[in-house]
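Report on the structure
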Amino acid sequence: MCGIVGYVGKRPCRDLLVAGLEKLEYRGYDSAGISLLEDGRIDTVRAVGNLANLRAAAGIEPDGDGAVAVAAPPATIGLAHTRWATHGRVTEENAHPHGDCSDAVHIVLNGIVENHSELRAELSEQGHVFSSETDAEIVAHLIERNYDGDLTEAVRRSFNELRGHYAFAAMHAEQPETLVAARQECPLIVGLGSDEAFIASAIPAFLAETRRALIIENGEIVTVTPEGASITDAAGNPVERDADQVEWDEDTAEKGGYATFMRKEIDEQPDSVAETIADRLPDRDRVDLSELEIVPEFIAGMRRIVIVACGTSYHAGLVGRYAIEQWARVPVEMDIASEYRYRDPVVGEDDLVIGITQSGETADTLAAMRLARERGAKVLALTNVMGSQATRDADAVLYTRAGLEIGVAATKTFTTQVAAMYLLGLWVAQHRGTIPDERLAELIAELKAIPHKIQETLDSVEDQVKAVARAEHEGRFFLYLGRNIGLPICLEGALKMKEISYIPSDAYAAGEMKHGPIALLDESTPVVCVATESPTLEKMLSNMEEVRARGADVIAIATEGSPRVAEASDLAIEIPRTDWVLQPIVAILPLQLLAYHVARMLGLNVDQPRNLAKTVTVE
Ligand code: AGP
């Protein structure tokens, strides 16, 4: 999740742009850059690492350390960017802004261009020369190809050639009073000042300069000059919209208008899941994980898969196990990394060991990965952080694309890990030929629809969840019950509740109830049941009856249109229907929200719970 900022106006803008990037640091990044247009020439500075490196590279004096400062160039138009690498390594060349062949067009982009490889091939054939490994640079060359003196028209034509999940801004050396930007899913906002205007991926970037914000919607192109902004749709038809007045205080601004980082990150899940699957599902019937550089022969012949992880990542692995075994018919062994590393595991060269770790720095998971590698296994790291230790302790790396997660309680990194496990399951099945082509195409279509189903769920369940939180937040104990692929979701729901509300919570395979845990129940026990469509729903319904017979409150997560679940519960929270193996990635959302609202009602700090660190690097 990158950060983009643009400025056009009367003031020298270098420092304004860098200040804007600083306000977007919460989006996380590994490199940054700035381009300034002056006298028909664009100058660019890029740097790997944090903004201090960019400041140093641009000769901007950090406050008061006496470095030799380069006077701010008088440029009054420019673009700047913080990069969270998804395509191409963390290098200066891959940092944005990117230029076209003659450096006349410069762009910054947040998101993913899905059809980047075919466009790159086409443009290269026409003589375009690329200077980075990124998908984003494509856009600069497309605008170059479409430019005939009108930047707005060139951006509009280029926009219609792109597929993906992105927002970008462009400038042209011949047009020093104009910035043009476009949005397809990723956020884009214009800040309107007097005789100046900003473009940004989030309001905090310009809030210190103006509180008038113009929200750009999906499929729109906006042309920005010092005088103001004009919007068109992708066909070029004008769109009228008024700017909003933003009343946020500094703290809220830092959280992008949310009260907490956790709540913001819950809402970012449609985007982060979409970016994680985007270009890995380039066609209707094929999964492309060629980035893994694992030879198909190994996948076709491997004996089994072993997944090692901790905490929430372990729960994502559990969902992955069900999906991989269901689709690829490969045996999957799961283990908590802190156990795996000390149990002298039987593992060897015919095994694929997957270490799941969002931070890429969790000591137990790293040790488990190293142990497996020493014993000859092929090791795959599933991580959210480019350049993290896990990427160095693995033979191959699959990146989730959640962007920086600040809230200690993992939310968007969990759903992106689950999405990545689904990609892996389908990819292995594709290589081993265990799913008929039509079925594979069906599942790919369902997976592509998941980001929208996540958005739909977030828009529809919150009031019901809040009502449950109001009724139950003073409870002494929460029990979560599930079966089959619903069980990992219960484990994750209970972990969230424990982590941020400090209320003792347990998750159990529903079939285990009668073997002991049922003794825990009384009239006051809230029992959250994950009862989505699955081959074990019948069994789950009878377990819910068992629980209700002891007077406990049954709150069920149900697939839409499941009257029997509603009958068997005190409250059924419905989520959109999808393939039963994919339901968990949506079913977790009400459970994230439940823990969140219970903790908020208890007045607790959900972003930084007691006794917990975001990354556990100690043994
Ligand atoms: C989850 O909310 C917790 N922050 C914690 O359990 C976490 O999942 C665990 O420490 C693993 O972290 P990792 O994914 O960075 O390895």
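Here is a short report on the structure shown in this document. (Residues numbered from 1 in each chain as written. Predicted model: local features only at pLDDT ≥ 70, side-chain atom pairs only at ≥ 80, totals over all residues. Heavy atoms only, no water.)

Describing the pattern of salt bridges
- Scanning the model with the defined rule gives 41 salt bridges in all.
- A salt bridge links Asp 351 to Arg 304, with the nearest nitrogen and oxygen atoms 3.1 Å apart. With Asp 351 in strand 18 (residues 351-357) and Arg 304 in strand 16 (residues 304-309), the pair connects residues that are 47 residues apart, well separated along the chain. An identical accessibility class is assigned to Asp 351 and Arg 304; each is buried.
- Notably, a salt bridge pairs Glu 405 with Lys 614, separated by 2.6 Å at the nearest N-O pair. Of this pair, Glu 405 sits in the loop between strand 20 (396-399) and helix 14 (412-432) while Lys 614 sits in the segment after helix 21 (584-601), placing them 209 residues apart in sequence. (Salt bridge = Lys/Arg side-chain N within 4 Å of Asp/Glu carboxyl O. Helix = DSSP H or I, 4+ residues; strand = E, 2+ residues; numbered from the N terminus. Buried < 20%, exposed > 50% of the residue type's maximum accessible area, 1.4 Å probe, protein only.)

Points about the packing of aromatic side chains
- Using the criterion set out here, one finds six aromatic pairs in the structure.
- With a centroid separation of 5.1 Å and 70° between ring planes, the pair formed by Tyr 7 and Phe 198 is classed as edge-to-face. On the criterion of sequence distance, the pair formed by Tyr 7 in strand 1 (residues 3-8) and Phe 198 in strand 10 (residues 197-200) is long-range, its members being 191 residues apart.
- Classification of Tyr 7 by relative accessible area gives buried; the value is 0%.
- Residue classification places Phe 198 among the buried positions, given a relative accessible area of 2%.
- Ring centres of Tyr 166 and Phe 168 lie 6.1 Å apart, and the angle between their planes is 35°; on these two criteria the pair is classed as tilted.
- Clustering of aromatic rings is evident, with ring pairs tying together Tyr 7, Phe 198 and Phe 206.
- The side chain of Arg 120 reaches across the aromatic face of Phe 130, ending 4.5 Å from its centre.
- Positioned above the aromatic ring of Phe 298, the side-chain terminus of Lys 378 is 5.3 Å from the ring centre. (Phe/Tyr/Trp six-rings, centres within 6.5 Å; stacked < 30°, edge-to-face > 60°. Lys NZ or Arg CZ within 6 Å of the ring centre and 35° of its normal.)

Quick word on the sheet that holds strand 7 (residues 164-172)
- One open sheet accounts for seven strands, arranged 5-6-7-8-12-13-14; its pairing is antiparallel. A strand with exactly one partner marks an edge of an open sheet, and here the two such strands are strand 5 (98-99) and strand 14 (238-239).
- Pairing geometry for strand 5 and strand 6 (residues 105-113), over two bridges, is antiparallel. By the bridge assignment for strand 6, Gly 99 is matched with His 106. (Pairing = 2+ DSSP bridges.)

What about the pairing of strand 8 (residues 179-184)?
- Counting buried positions along strand 8 yields five of six residues, so the element is predominantly enclosed.
- Relative to strand 8, strand 7 runs antiparallel, the two being bridged by four bridges. Bridged to Ala 170 within strand 8 is Val 180.
- In sequence, strand 7 turns back onto strand 8 through a hairpin of six residues.
- Bridging between strand 8 and strand 12 (residues 220-225) involves five bridges; their strand directions are antiparallel. Bridging from a neighbouring strand, Leu 179 pairs with Val 224 of strand 12.

A look at the sheet that holds strand 1
- With antiparallel pairing, the eight strands of this open sheet are ordered in space as 3-2-4-1-10-9-11-15. Every interior strand has two partners, whereas the edge strands, strand 3 (41-48) and strand 15 (244-245), have only one.
- Examined bridge by bridge, strand 2 (residues 31-38) and strand 3 share eight bridges and lie antiparallel to one another. Paired with Ser 35 across the bridge in strand 3 is Thr 44.
- Of the strands in this sheet, strand 1, strand 2 and strand 4 (77-83) are in contact with helix 1 (residues 14-23), which crosses strand 1 at around 155°.
- In this fold helix 2 (residues 51-58) packs onto strand 2, strand 3 and strand 4, with an angle of close to 140° to the strand it touches most, strand 3. (Contact = heavy atoms within 4.5 Å. Axes fitted to C-alpha atoms, helices over the stretch in contact; angles between N-to-C directions.)

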